[in-house]
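Chains, contacts and geometry: an overview
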Amino acid sequence: MDFSKFDETRSDDEQNHSDERLVFHYNREERLKHAPEIVQDYYSGKFHPYKGGLFKSLVNTRANRLLFVTIIFAFGIILFVNYFGPQKSSGSLAGVDVKLSAFSYEDSVYASLKLDKASKKKLAGFKDGVPVSATFSAHDKEGVVVQEVKVLGKYEGKELFLRTTFSDYDIISIDAVCSMLDSFSSLETQIEKR
């Protein structure tokens, strides 16, 4: 088809003096008659948005209440396990409670493994002294072992500390693998800054 013979524009006189009326096939009132009630209320001004606040919106329906209670319950479990659950820095070695701690002071990291006093039932087994060993490993922020030290001691049923010192090369955590009799324990702790 050849479009070169058609006028694509009108002159200014034709546009201004034209009696042609635009025809709209849209009737707003007719459309609103068939619209949902909430749309009709919106256009008539009767619609008021919900202004209940955050808490009311969390508990306004049964499903929202159930979801809210579930979130609170899960948050409570997480807090309980964090504060009262097992910690990586403490454990048991041949029935004796052990705890690993470490802190940084100036250019050194001090690590200490504490063996608590034995219970009365087990005290007789430690009277002659039992060899205990702990291998301390210092880790940097990538988890790479920077230094490793083995410390030996003799446990006689009384409180015992096995201690060592590391030069601080950006050490983040300390691990200790302990052994006494036929028992082994692996502990881990973060460095406390002082």
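Above this text is the structure in question.
Quick summary incoming for the structure in this document.

Cut-offs applied
- Residues numbered from 1 in each chain as written.
- Predicted model: local features only at pLDDT ≥ 70, side-chain atom pairs only at ≥ 80, totals over all residues.
- Heavy atoms only, no water.
- Helix = DSSP H or I, 4+ residues; strand = E, 2+ residues; numbered from the N terminus.
- Buried < 20%, exposed > 50% of the residue type's maximum accessible area, 1.4 Å probe, protein only.
- Contact = heavy atoms within 4.5 Å.
- Areas by Shrake-Rupley, 256 points an atom, 1.4 Å probe, with all protein chains shown as cover.
- Salt bridge = Lys/Arg side-chain N within 4 Å of Asp/Glu carboxyl O.
- Patch = residues over 30% accessible without salt bridge, like charges linked within 9 Å, V, L, I, M, F, W, Y side chains within 5 Å.

Tallying secondary structure elements over the chain gives 6 helices and 9 strands in all. A burial count over the chain gives 24% of its 194 residues as buried. Within the chain, counting contacts between residues at least 6 apart in sequence, those at least 24 apart form 56% of the total. As displayed, the chain has an accessible area near 15,500 Å², and 55% of this comes from carbon and sulfur atoms.

Applying the stated criterion across every chain yields a total of 3 salt bridges. When the shortest N-O distance is used, the salt bridge between Glu159 and Lys114 registers 3.4 Å. Of this pair, Glu159 sits in the loop between strand S5 (145–155) and strand S6 (160–167) while Lys114 sits in strand S3 (residues 108–115), and the two are 45 residues apart along the sequence. A cluster of three or more residues bridged by salt bridges with shared partners is formed by Lys114, Asp116 and Glu159.

The next subject is a nonpolar patch on the surface. On the surface, a cluster of nonpolar side chains totalling about 950 Å² of accessible area is made up of Phe73, Phe75, Ile77, Leu79, Phe80, Val81, Tyr83 and Phe84. By secondary structure assignment, the location of Phe84 is in helix H5 (residues 62–84). A residue is classified by how much of its surface remains accessible, and Phe84, at 64% relative accessible area, is exposed.

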